[in-house]
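A closer look at the structure
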Amino acid sequence: MFKFIHIADVHLDTHFYSRDPELRNKLRDSLREAFNRVIDTCIDEKVQGLLIAGDLFDNDKLSFQTEVFLINAFTRLKENNIKVYYATGNHDPGDKNYRANLINWPDNVHLFNDDSVQELEVKHNHQIVAKIVSVGHKSKKEARNLIKDLPAKNTEIPVVGLAHAMVTTASGVDGHDSYLPCTAEDLISKHYNYWALGHIHQAQQVANESIYYCGNLQGRNPKETGEKGGYIVTIDDYGNVEVKFRRFSNIQWNTLEISEMESIKNYQELKDYIIVKIEAFLNSKEFDANQLILRLQLEGRCFLKKSMEIDEDIKQLEEDIKLHLNLLSLEIKANNLLPLVNSRECLEGNHVLSRTVDLILNIKDNQELIDKLLEIKLCNKKLDGKNARLKYILELVEGLEEEALNRMVGEEK
Amino acid sequence: MRLIELNINSFGRFINETPMVGLPNSFVLFYGKNESGKTTLFHLIKSLLYGFTPANRDQHPYNPWEVDKIDFSGRLRLDNGEEIEITRKLLSTPRGQLLQGNNAIDLRNKPLPYVNHISTEIYEKIYSLRVEDLVQLQGKGWDEIQDKLLANYGSHLIRNTREVLKELQEEANSVYRESGRGGFLIKKLEGEIKSLKKERLEAIKRQQDIRENQQRLEVINNLIEEKSLERIKLKQLTAKVKKLIPLKGLLKDLEATSNSFINKDIYDDLPKNPLEKRDELNELVNQLNDFIEDKQRMINLKSNKVSDVTDYEKQILHSKDEINEYVKNAGRIQYMRDSVEKLKTEINIINERIKYEGKKLLNEEVNNEILASIEGLSLSQTKIAYEDYRKVKADIDDATKSYEFLSNQSINFKIPSFYVISAIAGTIIAAVGYGLNASIITFLGVVIGVFGGGGYVTSKLLKNQLYKQKNDDAQIKALQKKLEEATIKLANAKEALFSLFRGIPLPEVVILNIDEMVLSGIIKIKDDIYQLNEKQKLLKEKEGSLNKEVEGLQNFLNTLEITDTNENSLYSLKEQLDGVQKKLLVNDGLIEELEALKEEESSLNKKLQEVLKLLADIEEKLKILGNGDIEKGVEIFQLNNKLELKLRLIEEKLMEWSNIEEQKKELNQLENNEGWIFQDLQLEKTELVMEELEEKLQELRDEKKEKQLAIDNLLNSITIDDIESQLLMIQSDYEMACIKRDKLALLTEIIKKAEEEFREENQPDVLKNASHYFNIITNGRYSNIYVEETDEGTCIMVKKAGVLAAQQVTESFSKGTLNQLYLSLRLSLMDHLDKGFEKLPVCFDELFINWDKERLENNFKLLKEISHNRQIFFFTCHNWLAEQIENTFNTTRISL
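Rules behind the numbers
- Residues numbered from 1 in each chain as written.
- Chains lettered and ligands numbered in written order.
- Predicted model: local features only at pLDDT ≥ 70, side-chain atom pairs only at ≥ 80, totals over all residues.
- Helix = DSSP H or I, 4+ residues; strand = E, 2+ residues; numbered from the N terminus.
- Buried ≥ 20, exposed ≤ 12 C-beta atoms within 10 Å, placed from the backbone.
- Contact = placed C-beta atoms within 7 Å.
- Pairing = 2+ DSSP bridges.
- Axes fitted to C-alpha atoms, helices over the stretch in contact; angles between N-to-C directions.
- Parallel < 35°, antiparallel > 145°, perpendicular 65-115°, else oblique.
- Nonpolar A, V, L, I, M, F, W, Y, C, P; charged D, E, K, R; others polar.
- UniProt positions renumbered as here; feature names shortened; annotations may be inferred.
- Expected span 1.5 Å × (residues − 1).
- Left-handed = near helix turned anticlockwise from the far one by under 90°.
- Core = buried A, V, L, I, M, F, W, Y, C linked by C-beta atoms within 7 Å.
- Domains from an automatic or database assignment.
- pLDDT = per-residue confidence, 0-100.

**What about the overall build of chain A?**
Along the backbone of chain A there are 10 helices and 17 strands. A burial count over chain A gives 39% of its 413 residues as buried. Relative to all contacts within chain A whose residues are 6 or more apart in sequence, the contacts with residues 24 or more apart total 72%.

**Looking at the overall build of chain B**
In terms of helices and strands, chain B carries 24 helices and 15 strands. Across the 896 residues in chain B, those meeting the buried criterion constitute 23%. For chain B, the proportion of contacts with a sequence separation of at least 24, taken over those separated by at least 6, is 73%.

**Quick notes on the sheet that holds strand β4 (residues 109-112) of chain A**
All names here are of chain A. Here we have 6 strands laid out as an open sheet, ordered β4-β3-β2-β1-β13-β14, and mixed in their pairing. The open sheet terminates on both sides in strands that have one partner only, identified here as β4 and β14 (241-247). When strand polarity is set aside, the average angle formed by the axes of neighbouring strands in this sheet is 20°. Strand direction decides the pairing type here: strand β13 (residues 229-235) and β14, joined by 7 bridges, are antiparallel. The residue bridging Gly-230 from the neighbouring strand is Arg-246, located in β14. Sheet strands in contact with helix α1 (residues 21-44) are β1 (2-7), β2 (49-53), β13 and β14, and its direction is about 175° off that of β1.

**Notes on the sheet that holds strand β13 (residues 842-845) of chain B**
Residues and elements named next belong to chain B. Taken together, the 5 strands give an open sheet; going across it, the order is β9-β13-β14-β4-β15, and neighbouring strands pair in parallel fashion. Sheet topology places β9 (128-130) and β15 (893-895) at the edges, where each strand pairs with a single neighbour. Pairwise comparison of adjacent strand axes, ignoring direction, gives a mean angle of 20° for this sheet. Here β9 runs beside β13; their pairing, made up of 3 bridges, is parallel. For Arg-130, the partnering residue across the bridge sits in β13 and is Asp-845. Strands β4 (27-31), β14 (872-876) and β15 of the sheet are contacted by helix α24 (residues 879-889), whose axis makes an angle of about 160° with β4.

**Remarks on the interface of chain B and chain A**
Listed per partner, the contact involves 36 residues of chain B and 38 residues of chain A. Secondary structure elements with two or more residues in the side of chain B that touches chain A: α4 (161-175) and α21 (720-777) of chain B. Top contributing element to the side of chain B that touches chain A by residue count: α21(B), with 23 residues.

**Section: the packing of helix α17 (residues 567-625) of chain B against helix α18 (residues 630-655) of chain B**
All names here are of chain B. Between α17 and α18, the shortest axis-to-axis distance is 6 Å and the interhelical angle comes to 80°. In terms of orientation, α17 lies roughly perpendicular with respect to α18. Residue-level contacts link Glu-619, Leu-622, Lys-623, Ile-624 and Leu-625 of α17 to Ile-630, Gly-633, Val-634, Ile-636 and Phe-637 of α18. Its residues placed into classes, the contact of α17 with α18 shows 7 nonpolar, 1 polar and 2 charged.

**Considerations on the UniProt feature "transmembrane region" (unreviewed entry) in chain B**
Residues and elements named next belong to chain B. Per the UniProt record, "transmembrane region" (unreviewed entry) is found at residues 417-434 and 440-458. Secondary structure across residues 417-434 comprises 100% helix and 0% strand; the distance between its end C-alpha atoms is 25 Å. For residues 440-458, the end-to-end C-alpha separation is 27 Å, with 100% helix and 0% strand making up the annotated structure.

**Let's talk about unusual backbone geometry**
In this chain, B:Thr53 is followed by B:Pro54 through a cis amide linkage whose omega measures -5°. Inspection of the secondary structure puts B:Pro54 in the loop between α1 (38-50) and β5 (70-77). Even without glycine at this site, A:Asp55 takes up a positive phi of about 55°. Its location among the elements puts A:Asp55 in the loop between β2 and α2 (64-79). With a phi close to 55°, B:Asn627 is a non-glycine residue in the positive phi region.

**Some points on α17(B)**
In an α-helix, one turn spans 3.6 residues, which is why side chains three or four residues apart end up on the same side. All names here are of chain B. An ideal rise of 1.5 Å per residue puts 87 Å on 59 residues; α17 measures up with 86 Å between its terminal C-alpha atoms. Those residues of α17 not exposed but buried are Leu-570, Leu-573, Leu-597, Ile-618, Lys-621, Leu-622 and Leu-625. Packed against the buried residues of α17 are α6 (264-269), α7 (274-304), α8 (311-318), α9 (320-362), α16 (516-559) and α18. Once α17 ends, the next one or two residues include Asn-627, with phi positive near 55°.

**Quick look at the packing of α9(B) against α16(B)**
Residues and elements named next belong to chain B. Contact geometry for α9 and α16: axes closest at 8 Å, N-to-C directions at 160°. Our classification of the angle between α9 and α16 gives roughly antiparallel. At the point where α9 passes α16, the crossing takes the left-handed sense. Looking at side-chain class alone, the contact of α9 with α16 contains 19 nonpolar, 8 polar and 13 charged residues.

**Some points on the nonpolar core**
Counting residues in each nonpolar core, the largest one holds 94 residues, and the members touching the most others are A:Leu50, A:Ile52, A:Leu162 and A:Leu197. In terms of residue count, the dominant contributor to this core is α1(A) (7 residues). Structurally, this core is a two-domain feature, drawing no fewer than three residues from each of domain 1 (2-247) and domain 2 (252-333) of chain A. In this structure, B:Val28, B:Phe72, B:Tyr773 and B:Met830 belong to the second largest nonpolar core, which totals 66 residues.

**Here's the deal with the environment of B:Glu346**
All names here are of chain B. Summarising the element assignment, Glu-346 is placed in helix α9. On the basis of neighbour counts, which here come to 15 C-beta atoms within 10 Å, the residue Glu-346 falls in the partly exposed class. Through-space distance from the C-alpha of Glu-346 to that of Gln-536 is 9.5 Å; in sequence the pair is 190 residues apart.

**Comments concerning the pairing of strand β7 (residues 94-100) of chain B**
All names here are of chain B. Pairing analysis gives 7 bridges linking strand β6 (residues 83-90) to β7, with the strands arranged antiparallel. In the strand pairing of β7, Thr-87 is matched with Gln-97. If you look at the hairpin formed by β6 and β7, you'll find 3 residues sitting between the two strands. Where β7 lies against strand β8 (residues 103-106), 4 bridges are found, and the strand directions are antiparallel. Residue pairing across strands places Gln-97 opposite Asp-106, the latter belonging to β8. Counting the residues between successive antiparallel strands, the hairpin from β7 to β8 contains 2 residues, one of them, Gly-101, with a positive phi of roughly 65°.

**A short note on the environment of B:Tyr326**
Residue and element names in this part refer to chain B. Examined against the element boundaries, Tyr-326 turns out to sit in helix α9. When the C-alpha atoms of Tyr-326 and Leu-570 are compared, they prove to be 7.6 Å apart, with 244 residues separating the residues in sequence. Ignoring sequence-local partners within four residues, the contact set of Tyr-326 consists of Leu-553, Phe-556 and Leu-570.

**Quick notes on the environment of B:Met830**
Residues and elements named next belong to chain B. Mapped onto the fold, Met-830 is located in helix α22 (residues 815-834). Among the residues examined, Met-830 registers 24 C-beta atoms within 10 Å and is labelled buried. The sequence separation of Met-830 and Arg-870 amounts to 40 residues, and the corresponding C-alpha distance is 9.9 Å. Beyond its immediate sequence surroundings of up to four residues, Met-830 is in contact with Ile-126, Tyr-127 and Val-842.

**Observations concerning the confidence of the model for chain B**
Here chain B averages 85 in pLDDT, while 95% of its residues score no lower than 70. Our summary of model confidence lists the complex with pTM equal to 0.50 and ipTM equal to 0.72.

Spelled out as structure tokens, the structure:
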């Protein structure tokens, strides 16, 4: 039996998205606490290994504090006879310019920090219980599909693949650069018992196979929402794999969409309505409110839209609700709110608005329009290729009918 | 539809007007001067079709103040020839009714169902043309056609597409411009990002500077600490040295003086004043010799006073304890003798009393046998035996009495005769009473009779019972037998009683009738006998003890060969013992004194020897000091003595130093460890080094301050973390801005596309028709109207007949041509809007007053064509125009 914990994208010494220095400090502490929790869990669960699928560090700089912190943590694992298997990623490649590569790690730490394929035997009580096959990032822009170079499984012993790679079919890939790209098929073709991947910050199983991204250890910005942690994986002697997600970070980012505010006429009603919605949200997920960084996305038509365009009013609302619910942080986004108009009435008849909405709703069937839109010089310069542009355009067009309605319908007289 | 009849009760200036019936089908001409009500009529037509706006009587501009209500009706012929009648009133609420055949429909303030395809707004804008509406073609006029009237189809909520596009464009440009010109959000954010990245580099540099400064600061701190420590050490050293210099001088003096002594050991062993000491010792020797002689004399004197002790005295002394014990017991022996005598007297008294009591009981002298019998008599047994005897005797007496009673008993029971008499007398009385019929007598007789009869019967029964008892003989026999047995028992009881008194000469009669007196006499004798026995037993014991004591004393006296063994011998012996003891006590005192004297003598002798030894020792040492010469030895002694005085003075000075041992230790350490040689030059050099150290320290402190200030300044600047967070936020804003701009650009493009499609779908029809009208109105001069999209917007193009290239319509075109073009477009639009629905009437208000004759004629040609499908209303105040219309269209004016 091989039991291990799979984590990735720890991004130690990373910077957090917040204007509040106090909150940033809390997040920094939370990340370290989460990492310590990983170490504690390794010891408590009596695992044989800790697998780190890249991006343990955020950049080439490394504080002395973090160096000491890590060495202490890994030494604790050594004292408990637990090995560390660490494959480098695009944020912490094996380049000697990265100070992390110059650390004298304890001898229980094994690094896969270049593009050479390595196979390691995992021994327990003098018996080989598993093999780990891995390849690391040598430079910070590893664009090759190194997975293809990894050998297919040819033994009865459980094999675990470890890599910081981007499976192009995984969800949430858009927010990540395409480093060490591969397809799910590339991974499946190796017939490994488990693939421990890193790079995508959203925990997920890929292609319904034994291929897992564990996500990052601590959400860093409003996009990295929900529980953050790693997987406790057990592969028995017959190759059966049991995967359990374990939350390691206390502080969570989350986004709550609130709509149906047409009938709300004053501040108190709005505040009460939002509080009720947040309370229901907190209860449904059993959140610890004071560990939650919540972003409220207000949607739909709202009588108070005009007030919600005033920064001071939004700040007031944020402060009141935060205080009332004892939230760690609250950000209210009201930019998507729409004025209170009768959209049905406006869309009736034959006119440019109804035609515009029709075009938006049926864009996918309108190649001519798509081609026209593809000709637009977009502001987003990160899009690489026609397909990326098309995907981006279709995403933006989705829901644009509301914007059209908002723009083309005047105030009710 | 065409308006064929109008009946105005009140609307604006029109009150109770004559009904206008038979209005022309094609052209209706209203003629009147200014303010005659031409515009009022147009609004009335509009209100007839669409209802009142505003729907409030107080606010409606055409509500006549005289009647305060609006009331009118009209008759219309629909395009299919059907006629309908409409009545509209604006009272407190708007009212309306449509009569269509036999149907009456309540309209309230709603438009006619036949005009729903055109909004009020469009009707007002398109179907009512004034001269100024034809002044401009492009700009407002064209926009209205394009956007409000055509594209939005009359929905008042939907904004002008052009305005929307313009706004979107402006907003998109405020976010991003491809050209990069001007200020826009993305540019600003990129600038901020660039600036932050620059700041980040600076912050990294600052961090490096901070680290370097901190490292230098650490070095400075260490140096300061090191130099301060060094300075403190030197300061402490010089202070210590300055403090220890006098000590060092004293110690040096001490050492020199100590080294000047001659034969120091011998000197130290000598007393401080050896010559005086020697004389003193000689005197002491003489005194001691005198003391010793005195002591010897005293010893002799005391020795002669000690007495001798004889063997007999020693024997007495040896028996001292026994003698004292016997003397102490002499009183007890006498007491024992007295007790014996007393007991003997008591025994005699008891003997006499027994004899007296015995004689009193038995009437004779009692002897020992009798007394023994009395002593052996058991009183309890006697009482039991006597009770048995008395009981048997009582039983015999009872049985004898019963027997005698039964034997002598005769029954003589007679039934009283008065019972019989009473019975007979009662019967008679009753019979008499019955005969006399005297109930009381009868009753009395019955009572007496019953009494007598009852008593007789009862007595008879009692008598029979008694006789039955007398006849029982077995009872007598049983009594006889019991009597015999009791007699035997009595004899036995008597015998038992006598046997108890055997040996006691008491008469039988006394024994058989023993009473309390006899018994108390016996008891008294028995008690005395018992007491006698007890006393005799005690006497025997006491006599035994007395004899034993007396025998012990005699034996003891015999051991001392004293034959006379009475108590007086013992007392004499005691006196002898006291004498011997006294003698011994005196001897002991003398011996003790002698021993003390001998000890004193010995001690004096010992002391004499010691003094002699000391004397010899002093002389010997003085000799050694003086190398065999005592006098010289004395001189050397005195020299050493002076040195010693000096030493003492130095030591006294040293004593003034506190913790002298510590100071000496410090001194040694300074000399041995620090190599300090206690020279002024060395001290000066040290002070110089200290000054240099102080200067160095000040330099370091200044540098420290400088570095600290630099670090504080650097720390006060924005941190990398702040910059990175700001970067994240701005990058997020940047992404959001990109998305926003791209969304705006996409929406702009989609709206443009929608508008284009809309136009493509609607404009060809309108433009084709308009081209036709334009051709007519220009008398074939222009053949086509086009619309082209240019960078500046939509442009109208016209094409002259026979010319290939189209011309863009601009302000340079003649006013008349522009009027013709615009009218053509308007009329074409009306056709387009009414297509498939009722054709609504059109109103021209002074529209043609500026047109030249040719154009007017051409225009009339067009209107004639249009009037085939649509009723046309003219409003004019110009007679020439009215006449021309009347002539051209064969109609008659309605003067207002």
